[in-house]
Structures are given as C-alpha cells and as structure tokens.
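# Chains, contacts and geometry: an overview
What follows is each chain in one-letter form.
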Amino acid sequence: MRRNGPIIVGLISGLVVIVANFFVGTVMQTLRNEVTQWQLIAGAFAVLVGSINLCRIHMTKISRKKEDRFFSWVLLVGFFGFLLFGLPKGSSSHPQFQWVFKTSLEPMSATMFALLVFYIASAAYRAFRVKTPEATVLLLAAVILMLGKVSVGRMISEWIPQASSWLLDYPNTAGMRGITIGAALGAVATAFRVLIGIERGHLGGIG
Amino acid sequence: MSFWEKMERLDRRVIYVLLIAAVAFALIKPVGLAITISKETQATYDLFDGLPPGSIVWIGCEYGASNITELQPILTCVLRQGLAKDLRFITGGMWAQAGNLAESAWEDVSADFPDKQYGIDFVNVGYRPGGERLLPALVADAHEALMGRDNRGTSLDDLPLMQEFKSLTDAAAILVLVSGTPGEKEYIRLVTDQHGIPIVAGAVSVSVPEAMPLLNSGQLKGLVMGMAGAAEYEVLIGKPGSAVAGMDAQSFAHVLIILFIVLGNLGHIALGKHKKKA
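Residues numbered from 1 in each chain as written. Chains lettered and ligands numbered in written order. Predicted model: local features only at pLDDT ≥ 70, side-chain atom pairs only at ≥ 80, totals over all residues. Heavy atoms only, no water.

Residues and elements named next belong to chain B. Strand order in the open sheet formed by six strands is S3-S2-S1-S4-S5-S6, and the pairing between neighbours is parallel. For this open sheet the edge positions go to strand S3 (122–127) and strand S6 (222–225), each flanked by a neighbour on one side alone. Taking the axes of each pair of neighbouring strands and ignoring which way they run, one obtains an average angle of 15 degrees across the sheet. Pairing analysis gives five bridges linking strand S2 (residues 88–93) to S3, with the strands arranged parallel. Bridge assignment links Gly92 to a residue of S3, and that residue is Gly126. Across the sheet, helix H11 (residues 226–236) touches strand S5 (199–203) and S6, and the angle it forms with S6 is around 110 degrees. (Pairing = 2+ DSSP bridges. Helix = DSSP H or I, 4+ residues; strand = E, 2+ residues; numbered from the N terminus. Axes fitted to C-alpha atoms, helices over the stretch in contact; angles between N-to-C directions. Contact = heavy atoms within 4.5 Å.)

Here it is in structure tokens:
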C-alpha cells in the first residue's frame, strides 16, 4: 500500500483533471475543481516540509562542524529572523515587515542578480571567439542583440535595432518553438509514465 | 608577452574594474541617451489605454526580489497608467515574494493618487502556494483559491473590489511579470487561451527569447522587454524613473563588453589561433 497508495492517488487525480477537459459543465468539472483545491493544500504543506528539510540540512552541517557552516548560520539566522519578526505581525504586508523586506531582502537579492553582469562580461570576452563559422555567427548575433537592445545601437545605425528585432522574431522564434514543442512532447510522455506508475522518482525512491 | 597576447588573455579583474567604472560613471553622470519606444512596449501601453474605466486588471507578480531592477518599474508604470485611467488592479502570484513586491509598488504609487483606496481600486492577494495549479483554481473560484483572505489578512468579503472578482475570468486583461517558471506560458495555457482574456507580459531580459514565440503567435498582446522596455514605459507615461536612469549604464556596459569581445578576437586573430581547428 505504501508503494501503490500514492500511485493510485496520482492516477485518479490525473485522470479527473484530464477527463474534465472533455466534459464541460459536468460533474467532472466539479471534481476537477475539488482536486485542484487539494493540490493547493498539498502545495502549502510542501512549502512547510521544504522549510523543515532546509533547516534540518543546515543544522546538521553546523552540528558536524562542516567547513562552510558559517553560511548555514547565515541562512538559519535569516530564516528564523524573518519568521520570528513576521509571525507576530500577522501578515507579510505589515508595514514593519514590509520595511525589513524593502531594506534588506530587496537590495541584497538585486545585488546578487546584478553581480551576474561581471561573470557574463568575463564569460562573453572568453567565449565569443571566431574559432569556427558557427561561433562567428553566434558572436555576430550576440553583438547585434547587445547593441540593438540599448539606445547606443540606434545612435550607431537604424539598421542595428532592426537587425536585432529580426533575430528575435525569426531565428530565435523558430528555435524556441522547436524547443517548446520538443519539451511539450517530452512532458506528455513523462506525465503518462507518472500517471500509470512507471515513473516513480517523485515518490522518493519507493518501489 | 606581446600586446596581442595580453589582449587575448586579459585578467578578468581588469574587466570587472572597468565595468564598475563605466556603470558608476553613467549612474552618477547620466548622459541622457535617447529612448525609442518599441512596438512591443507600445502594444502593452495601448492595451491598458484602451480598457474602459472601472475595468479590473489582474497582475501576476511571478518574480522574486532579485528581478526588481527590471520588473518593478514596469509594475509601478502600469499601476500609474491604470489608476490615472480609473482602472482597478488585483495583484497576486505563484512566486513567494509576490505579495511583498506588489505591496512595495502600491506604497510607491498610492501617494500620487490620494483619491484611490486599498480595497476599492487595488487589492493585493499576495502569494499562494501550489504552483501553476493556482491558476485553474482562481478561474474556478477565486475566493476559495485565495482562502478568503488578502495579503494583509483582511477577509475578501470586506473588500468591495473583490465582490466583483469571483473568478480570474472577471479580469478584463492580465499583466504577468515574469522571470521564469511558472510564468506567462502557464497563464496562456491555463487561463487566457481558454477564456479569451487579453494578456501582456513584462519579462526580464534573459526571458525575452522564450516569450517571443508567444508574442509572434498573438497569444501575448504585448511584451515589455527588461529594463529597456521599462524605460520605454516610463517615457510613455511621462514619468522617468529608475529604468530610464539605468539605461545609460546598460548602454555603457554593453559597449564595454563588445569592446572586450573585439579586443579578444583581434588578439585571437593576430596570434593566428583562428586558423587552428577548435
């Protein structure tokens, strides 16, 4: 039952959602809405389980005196700091919690993301070399797009933003559509395997 | 080591220092490079401009605080444009920081619209867990999907705007601000294509190539592309802000990176490495 229970729940829930799409305005839709609501509740529990697991992993790192345990301390202090400060306020929209969010998490997260520019600059300098015809095409496309998306591109020539738009509209769209269709077919196949119980990775190795 | 060898193997710290200098210079002393409105940003603006007063717009804040530089200006711009036109907004999302980011935007914008009130013109329902399954739940019964409360903990029954919003299909248009998954594709697949609701997106620059097929197919009615798009929107609503200020820095940074690429390649060619098979 430990193995088959989750598979049966998954099969029934999945079939309800799929079948309901073909029977508009029937009891199947009511059932689908109920299943969807349960999925949201399960999602909320998943956040709780994930949080507990995250804390457990980092507490273990600290207790075992691992080399990089300082970062685990930072994570736990941040996690419980926000939790203990936020819980008595009743909601994350409370002005004091919002102030902490705006003055700590927002600038720190934005800084982390902004730091990527240095890695991208360094990587672009090293990677975009005219080694092969394909690499040259990639290099030219990158340069046109980088110029076309900023004001300076238009100052150099009206042709640059036009070429940049063409690259996004045609070669990029064609490539992305291929990737999307391929990924969608893969998703359908995987969903089918999950539904009939062949794919069991999501059950945490049971069975 | 020859000059070209140096150019070909430039220390990454040199790149970092010059990049900091270029960005800092542009931010401290902006040169005010001209900003031209793209057709994609204009289409987004036109969609909201064409909605009748009183229309409800759902804004999906599907991003995290790390993307505020590019996406937060889009959110504040659309709120400013819409509130000036008497549109009403409900914000929420599948990303954990959706509630706080929407609250930040409302704080920034509401001071300029003293006649607009929370609960009547704007409601922030915040983050709800469950990933993309939130969307069909919002379509089926928004109040149930939101567990009957907004992000401030107020009962939805006490908010006049929410009395007119029982389902996501009550929205006249949807704006989704995206930096990954779940994002605009989920909205299109689960909501807008099925129910014929016009949708526009604001995307971080790296997500733009992924959104382009949806724009070209007409599934997205408009697309605001990263900080450049945000700057265009600020120009359109006549209130230049952080995105316009950041565009000079972005221009300088791009030009500098291209210079490095050119120098690296000149070194590569001068040393004859391009003749060797990769």
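The next point concerns the interface of chain A and chain B. With 50 residues of chain A at the interface, the matching set in chain B holds 69 residues. Here chain A packs against chain B, burying approximately 5100 Å² in sum over the two surfaces, 64% of which is carbon and sulfur. Summed over the three residues of chain A that lose the most area to chain B, namely A:Leu40, A:Phe118 and A:Tyr125, the buried surface amounts to 13% of that side. Our count for the chain A to chain B interface comes out at three salt bridges. A:Asp169 is paired through a salt bridge with B:Lys39; the nearest N and O atoms lie 3.9 Å apart. Our count for the contact surface shared by chain A and chain B stands at 24 residue pairs in polar contact (both at pLDDT 80 or more). For the side of chain A that touches chain B, the secondary-structure elements that each account for two or more residues are helix H2 (27–63), helix H4 (95–114), helix H5 (116–127), helix H6 (133–148), helix H7 (151–156) and helix H8 (159–195) of chain A. No other element matches the nine residues that H4(A) contributes to the side of chain A that touches chain B. Among the residues making up the side of chain A that touches chain B, the classes are represented as 26 nonpolar, 15 polar and nine charged. (Buried area = accessible area lost by both parts, 1.4 Å probe. Salt bridge = Lys/Arg side-chain N within 4 Å of Asp/Glu carboxyl O. Polar contact = N/O pair within 3.5 Å; in protein donor to acceptor, adjacent residues only side chain to side chain. Nonpolar A, V, L, I, M, F, W, Y, C, P; charged D, E, K, R; others polar.)

As a further point, take the domain arrangement of chain A. Partitioning chain A into domains gives domain 1 (4–46), domain 2 (48–114) and domain 3 (117–192). Inter-centroid distance (C-alpha atoms) of domain 1 of chain A to domain 3 of chain A is 39 Å. (Domains from an automatic or database assignment.)

Moving on to the domain arrangement of chain B. The extent of an interface is frequently quoted as the accessible surface area lost upon association of the parts. Each assigned domain of chain B is listed with its residue range as follows: domain 1 (3–29 + 248–277) and domain 2 (39–239). For domain 1 of chain B versus domain 2 of chain B, the distance between C-alpha centres works out to 39 Å.

The next subject is the nonpolar core. Core analysis: the biggest nonpolar cluster contains 111 residues, and B:Phe48, B:Trp58 and B:Leu223 have the highest contact counts within it. Core analysis: the second largest hydrophobic core is formed by five residues, A:Val16, A:Val17, A:Met28 and A:Val35 among them. (Core = buried A, V, L, I, M, F, W, Y, C linked by side-chain atoms within 4.5 Å. Buried < 20%, exposed > 50% of the residue type's maximum accessible area, 1.4 Å probe, protein only.)

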